[in-house]
Amino acid sequence: MASQVSIPPILNFPFKNQTKYTINHSISPLYLTPTNYYSHINPNYLQVCSTKSSSLIINAVKQEVVQSSDNNSTLVSSSKLVLVVGGSGGVGQIIVASLLSRNIKVRLLVRDPEKATKLFGEDDDEKLQIRQGDTRNQEDLDPSMIEGVTHVICCTGTTAFPSRRWDGDNTPERVDWDGVRNLVSILPPTLKRFILVSSVGVTKFNELPWSIMNLFGVLKYKKMGEDFVRDSGIPFTIIRPGRLTDGPYTSYDLNTLLKATAGERRAVLIGQGDKLVGEVSRLVVAEACIQALDIESTQGEIFEINSIKGDGPGSDPQKWRELFDTARNQVTTYSTG
């Protein structure tokens, strides 16, 4: 269990479009949404538009990596080949761009290769490899897609409530349960690390106010996905973010966002035991996933993560290692950089 820390009070916003529920709780369900809740209110909220030039993303993230910490080491070529599943989503875009900016080879598993090409550029085999596949369908997942892969980051997801993103059987059960299970089932025993992005609240989906978020099973299916990963025998790390902020956005907005948010909401809170409640920048979630790839103490562990205003660890490996290690010692940690 994570110990309590002094966290700024959470505003008690109303739970939009759910007026038939009365919540007598100090935590507003608005802050408990795991993955892009607002799309069920405004379906256009989650559209990810193509960039006019994929270099906008890469250059913006590269600038952010350089600016985020005074102690960052010089970027060098890596022997990693990281498979990113869900790389065209809000968190996934940042992960892919940040990996590429670190000279880490990326293989994308996407449903729409054309969309990925517009976001990140052409498949060049040397740095960016694009493969078409749908984790919801086991027959789509050829083991050759995993050949040579050293690490995997899975940040797939859909909306908690029915929305246009559910079209084509894109429900929480199909994405967070079937998809995760199918993906893990083809991973080789030589894999060095599997990072799964899940959500806070998955262990409490039968309790108010989490049960409201789980009306259509999103927390339940994420927990089932987590359990399958834990029982699979592969080396894993599970990241449970709070409500995601800083997006969703178009790729052009991402370029602007990365420049505008340096020093904003970058202080990082990490805990264990599903105790943290709040929100977290997608930038922070993406960095946590990348850092966990190389921090041995995160293997076999589950971490909740939030962010608040202030300077944080940026992309400094030592600061992230200290945050994760302290959380493992059952203390919720807060980094001000």
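Residues numbered from 1 in each chain as written. Predicted model: local features only at pLDDT ≥ 70, side-chain atom pairs only at ≥ 80, totals over all residues. Heavy atoms only, no water.

Where an unreviewed UniProt entry is consulted, the protein appears under the name NAD(P)-binding domain-containing protein, with the organism given as Saponaria officinalis.

Caption draft 1: Spotlight on unusual backbone geometry. Looking along the chain, the bond that leaves L208 and enters P209 is cis, with omega of 0°. With respect to the element layout, P209 can be found in the loop between β5 (193-197) and α5 (210-213). Positive phi, normally seen in glycine, also occurs at D169, with a value near 65°. Within the secondary structure layout, D169 lies in the loop between β4 (151-154) and α4 (172-185). Its identity as a non-glycine residue notwithstanding, D274 has a phi of 55°, on the positive side. Positionally, D274 belongs in the loop between β8 (267-271) and β9 (279-281). (Helix = DSSP H or I, 4+ residues; strand = E, 2+ residues; numbered from the N terminus.)

Caption draft 2: The arrangement of empty space enclosed by the protein in detail. Per the counting criterion, the structure on display carries 2 cavities of 30 Å³ or more. Of the pockets and cavities examined, the second largest cavity occupies roughly 60 Å³. Along its surface, the second largest cavity is lined by C154, T156, D176, V180, L196, V197, S198, Y221, K222 and G225. Mapped onto the lining of the second largest cavity, the elements with two or more residues apiece are α4, β5 and α6 (218-231). Taken together, the residues that form the lining of the second largest cavity break down as 5 nonpolar, 3 polar and 2 charged. (1 Å grid on protein atoms, 1.4 Å probe; cavity = no way out; pocket = protein on both sides within 12 Å on 5 of 7 lines; lining within 4 Å. Points joined across faces, edges and corners; volume = space filled by probe spheres on them. Nonpolar A, V, L, I, M, F, W, Y, C, P; charged D, E, K, R; others polar.)

Caption draft 3: Region of interest: the packing of aromatic side chains. Tallied over the full model, the rule gives 5 aromatic pairs. With 6.0 Å between their ring centres and 80° between their planes, W177 and F228 make a pair best called edge-to-face. Of the two residues, W177 is situated in helix α4 and F228 in helix α6; the sequence distance between them amounts to 51 residues. In this structure an aromatic cluster arises from ring pairing among F161, W166 and F216. Note that R181 overlies the ring of W177, its terminal NZ or CZ placed 4.5 Å from the centroid. (Phe/Tyr/Trp six-rings, centres within 6.5 Å; stacked < 30°, edge-to-face > 60°. Lys NZ or Arg CZ within 6 Å of the ring centre and 35° of its normal.)

Caption draft 4: Main features of the confidence of the model for the protein. Residues with a pLDDT of 70 or more make up 70% of the protein, whose mean pLDDT is 78. Long-range and interchain partners of residues 1-60, a stretch whose pLDDT sits below 50, account for 130 contacts in this model, where long-range means more than four residues apart. Contacts from residues 65-75, a stretch scored under 50 in pLDDT, to residues over four places away or in other chains number 20 contacts. (pLDDT = per-residue confidence, 0-100. Contact = heavy atoms within 4.5 Å.)

Caption draft 5: Structural detail: the pairing of β8. Counting buried positions along β8 yields 5 of 5 residues, so the element is predominantly enclosed. Residues A267, L269 and G271 line one face of β8 and the alternating positions V268 and I270 line the opposite face, and both faces are buried. Pairing of β8 with strand β10 (residues 301-308), which is carried by 5 bridges, proceeds in the antiparallel orientation. Within β10, the position partnered with G271 by the bridge is E304. (Buried < 20%, exposed > 50% of the residue type's maximum accessible area, 1.4 Å probe, protein only. Pairing = 2+ DSSP bridges.)

Caption draft 6: Examining the side chain of T237 more closely. Structurally, the position occupied by T237 is in strand β6 (residues 236-241). Looking at T237, its side chain comes within polar contact range of the side chain of R193, at 3.0 Å. Side-chain polar atoms of T237 contact the backbone oxygen of T298, separated by 2.9 Å. Apart from the residues within four sequence positions on either side, T237 is in contact with R193, F194, I195, L196, A292, T298, Q299, E301 and F303. (Polar contact = N/O pair within 3.5 Å; in protein donor to acceptor, adjacent residues only side chain to side chain.)

Caption draft 7: Molecular detail of the packing of α4 against α6. Between α4 and α6, whose axes approach to 8 Å, the crossing angle comes to 10°. Taken together, the axis directions place α4 and α6 in an arrangement best described as roughly parallel. Residues P172, E173, D176, W177, V180, R181, V184 and S185 of α4 touch α6, and the partners they reach there are V218, Y221, K222, M224, G225, F228 and V229. A breakdown of the residues in the contact of α4 with α6 according to their chemical character gives 9 nonpolar, 2 polar and 4 charged. (Axes fitted to C-alpha atoms, helices over the stretch in contact; angles between N-to-C directions. Parallel < 35°, antiparallel > 145°, perpendicular 65-115°, else oblique.)

Caption draft 8: Expanded view of the nonpolar core. Among the nonpolar cores identified, the biggest contains 42 residues, and V84, I95, L99, L108, I270, I305 and W320 are the most heavily contacted of them. No other element matches helix α8 (residues 282-292), which puts 8 residues into this core. Excluding residues that lie within four positions of it along the chain, V84 makes contacts with I95, V96, L99, V106, R107, L108, L109, I153 and C155. Within the second largest apolar cluster, 23 residues are counted, among which are M145, V184, F194 and L196. (Core = buried A, V, L, I, M, F, W, Y, C linked by side-chain atoms within 4.5 Å.)

Caption draft 9: Fine view of the pairing of β4. Here β4 shows a buried face lined by H151 and I153 and a second buried face lined by V152 and C154. Bridge count for strand β1 (residues 81-85) against β4 is 4 bridges, and the pairing is parallel. Within β4, the residue paired with V84 across the bridge is I153. Considered for its hand, the β-α-β crossover made up of β4, α4 and β5 is right-handed. (Right-handed = clockwise from strand over helix to strand, strands pointing away.)

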